[in-house]
Amino acid sequence: MNRGIHMLNQETSKPKNTGATLSRLARYFGPFALALVVVAVLITANTYTQVITPELTGQAVDCFITPATAARVESQSGALQLPGASSATETNCWFNKLDTATATSSDYIAGLGGLVLLVVGLYVAGALMNGVVFYTMSWAAQQVLRRLRVQVFRHIHRLSLSYFNEHEAGSVMSRLTNDMETIQQAVSFALVNVLSGSLLLVWVAVKMLTLSLPYGLISMLVVPFMAVATVWLSGEARKAFRKTRIEIGKVNANLEESIAGVREVQAFGREEANIETFRESNASNRDANIKAVSYTAALQPALEALGYLAVAIVTIVGGYVLLKGETLFGTAISLGLIITFIGYVQRFNQPIQQISTLWTNMQSAVAGAERIFELLDTQPAVNDKPNAIEMPAIRGEVEFDQVTAAYVPNEPVLKGVSFTAKPGETIAVVGQTGAGKTTIINLIPRFYDVVSGEIKIDGINIADVTRASLRKQIGIVLQDTFLFSDTVMNNIRFGRPEATDEEVFEAARLAHAEDFIQRLPEGYQTVLGEHGAGLSQGQRQLLAIARAALANPRILILDEATSSVDTRTERQIQKALELLLKGRTSFVIAHRLSTIRNANQVLVIEDGVIVERGTHESLIAAQGVYYTMYMRQFRKDETEKGGNDSAPVVKPALAAGQS
């Protein structure tokens, strides 16, 4: 019961289509059908032990204790007689039934001892079967959840970037953690308890009505009140726990944001304000949980009180009829029958409490399964065509032909963009924020698909090739470098896991990263913190360049890697980029003059359209949009560095085979 109450706290929402979801979830248990059959058989057998033991207890009284006691009082000759024994009582004595005319005290003692041993054996067997049931069901559930987690994780990696732009990472992670945990506990424990409780409920009701129809109906007088209490209290608890999920979400969001932005919080002296905001959010969460727990805490004692009332009714009615020596609507009542019914009433109340407490959790688990299946049913926005071909070795010619792209339907970000990059050329893309620069570089590796127009590489439409074969030949170095919590060696080797150690060392030397790597505590085997914690921005960029160099792509995409580093680090990065760009077609979102001035082409993007194109010198001479941008931003950048001579330069790369 405690487990059920704890699990109720995980309620988040009602399922939308319980039948379809359970059917789909059940298919995952297909390979473990034998285990489920074993569980079903053991649940049935265990339930039977709980049904039969109260009747055996009653027989201990009616068939052995009462006859022996009565005979000892009435008989002076040693012969044991049970005066006035009813036929109903005689009929109930099916276990080791004795002939009252000839039975001795030893016979009754032996019979009672055998019955007690049987009851104890049934209890022990029931406990063992219960343990096997939960172990087997937990084992099967873990196998299913492992398979489901892998399937979800694999599917997440197939989804397009647009999905992650529209869904928070925490929401996606919740599918793999909270929802999976809810399903696991429900399948491992709640489902077994609900099934066994339902079976016990029906079986006990049938047994009571079979033994005595009027007595059984009287015993179940409180059942309607139990149903009302269960429905109302569970419903209120469900609403309250939905509120707690919302409030705990606010607490987590507040906590995550405060930790992520702790530098800004301390820099602006907002510690106390943040603490007060968190205090208020936490207080709301506390109040919601107290309200929810109040309903949950009230359910069990309410059902227990009604259960005790049922026991009292059974005892009073049965005792009155027995003491008066009458019948209950024509049914004889014995002391053993009263004891049997007390046991049945207690067992009848237990499954009602179990089912009412755990049913809410079952609903939560089904709702969690629906969310997981909803994720699995989400199709990637970018898919390979059924007849997609492998991208052959790329030379490096990239052509945009009247490309229109949009993240939101009917709201184009690029509008009929056309340009051609020859093999080995460096293309600089400049423009104001939101102009469409990032969209251009996202389209080349097919992170997004075009709305209209074509993108060709070496004359092949990239929509006709597989994404994996295309991206394998494209390298990306972003402004915000992502490093994994792994060794330096494995971070560099990320794009080419099969690369040798010597190839990794060579890539690090090309990126001018070898010096600082060797100064790390374990060198190349140093395990980096989350997102490369412990390294400077420049060091992270150099590792990203080494990673790209090791992958040896034919097309290189750079979201200007030097925009947030100091001048000395920038020079190191620029030297590394000079070597990396040789013989490769590169696209650079430019924030610094050094990259733009030496590009083969500069594309000026404004409101999704190329408004100017040419070399740095030709665009300056034209004194148009680029000239204005240069004078406002890039000229200032050049002046701050002390003139052209001090500004680091990326020289134009030559195509393979050019001299």
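Up top you'll find the structure we're talking about.
Residues numbered from 1 in each chain as written. Predicted model: local features only at pLDDT ≥ 70, side-chain atom pairs only at ≥ 80, totals over all residues. Heavy atoms only, no water.

Right, let's talk about the pairing of strand β3 (residues 398-408) for a bit. Working note: regular strand, side chains alternate between the two faces of the sheet. Pairing geometry for β3 and strand β4 (residues 411-421), over seven bridges, is antiparallel. Bridging from a neighbouring strand, V403 pairs with V417 of β4. Pairing geometry for β3 and strand β6 (residues 452-457), over five bridges, is antiparallel. Along β6, the bridge assignment pairs D401 with E454. (Pairing = 2+ DSSP bridges. Helix = DSSP H or I, 4+ residues; strand = E, 2+ residues; numbered from the N terminus.)

In the structure shown here, the tally under the stated rule is 18 salt bridges. The residue D501 makes a salt bridge to R493 at a minimum N-O spacing of 2.4 Å. By relative accessible area, which is 40% here, D501 ends up partly exposed. Of the residues examined, R493 reaches a relative accessible area of 14% and is grouped as buried. Salt bridges here are not isolated pairs; linked through shared partners, they connect D384, R446, D449 and R467. (Salt bridge = Lys/Arg side-chain N within 4 Å of Asp/Glu carboxyl O. Buried < 20%, exposed > 50% of the residue type's maximum accessible area, 1.4 Å probe, protein only.)

This brings us to the nonpolar core. Proteins that are soluble and globular tend to have nonpolar side chains buried together. By size, the foremost hydrophobic cluster in this structure holds 33 residues, and its most contacted members are V488, I492, I517, Y524, L543 and I545. Breaking this core down by element, the ones donating at least two residues are α15 (488-492), α16 (501-510), α17 (514-518), α18 (537-551), β9 (555-559) and α19 (567-581). Looking at this core element by element, the count peaks at eight residues for α18. In this view, I517 contacts V488, I492, A508, G523, Y524 and L543; residues no more than four positions away in its chain are not counted. (Core = buried A, V, L, I, M, F, W, Y, C linked by side-chain atoms within 4.5 Å. Contact = heavy atoms within 4.5 Å.)

All told, the structure shown has ten aromatic pairs when counted by the stated rule. Note on Y48 and W203: the rings are 5.5 Å apart at their centroids and 45° apart in plane angle, and the pair reads as tilted. Note that Y48 is positioned in helix α3 (residues 33-74) and W203 in helix α7 (residues 169-211), a separation of 155 residues in sequence. Note on Y48: relative accessible area 40%, which makes it partly exposed. Considering the side-chain rings of F505 and Y524, the 4.7 Å spacing of their centres and the 55° angle between planes classify their relative orientation as tilted. (Phe/Tyr/Trp six-rings, centres within 6.5 Å; stacked < 30°, edge-to-face > 60°.)

A few words on the sheet that holds strand β7 (residues 460-461). With respect to topology, four strands assemble into an open sheet ordered β4-β3-β6-β7, the strand pairing being antiparallel. One side of each edge strand has no neighbouring strand; the edge strands of this open sheet are β4 and β7. Here two bridges tie β6 to β7, and the two strands are oriented antiparallel to one another. If you follow I457 over to β7, its bridge partner there is I460.

Let's shift gears to the packing of α16 against α18. For the pair α16 and α18, the least separation of the axes is 8 Å and the interaxial angle reads 125°. Judged by the angle between their axes, α16 and α18 are oblique. Once α16 is placed against α18, the crossing between them reads as right-handed. Mapping the contact onto sequence places E503, V504, A507, A508 and L510 in α16 and A546, A549 and L550 in α18. Each residue belonging to the contact of α16 with α18 can be placed in one class, and the counts come to seven nonpolar, no polar and one charged. (Axes fitted to C-alpha atoms, helices over the stretch in contact; angles between N-to-C directions. Parallel < 35°, antiparallel > 145°, perpendicular 65-115°, else oblique. Left-handed = near helix turned anticlockwise from the far one by under 90°. Nonpolar A, V, L, I, M, F, W, Y, C, P; charged D, E, K, R; others polar.)

Now for the sheet that holds β9. Two strands in a sheet stick together by hydrogen bonds in their backbones, pointing the same way (parallel) or opposite ways (antiparallel). Strand order in the open sheet formed by six strands is β8-β9-β10-β5-β11-β12, and the pairing between neighbours is mixed. Looking along the sheet, the strands with just one partner apiece sit at the ends: β8 (474-477) and β12 (609-614). Each strand of the sheet is rotated relative to its neighbour by a mean of 20°, with strand direction disregarded. Sheet topology note: the strand β11 (residues 601-606)/β12 ladder contains five bridges and is antiparallel. Paired with V602 across the two strands is G614, which belongs to β12.

So, on to α16. Residues of α16 that are buried include every one of V504, A507 and A508, and no others. Angular distribution of buried residues about the axis of α16 spans 100°; they occupy a single face of the element. Of the surrounding elements, those touching the buried residues of α16 are α15, α17 and α18. (Arc of directions from axis to C-beta.)

Before going further, it helps to examine unusual backbone geometry. Phi is positive for R446, which is not a glycine, with a value near 60°. Topologically, R446 is positioned in the loop between α13 (437-443) and β6. Looking at R446, the relative accessible area reads 2%, which means it is buried. For N552, which is not glycine, the phi torsion reads 55° and is therefore positive. Here N552 shows up in the loop between α18 and β9. Taking relative accessible area as the criterion, N552 reaches 46% and is therefore assigned partly exposed.

Function cannot be read off these values alone, since they describe shape.
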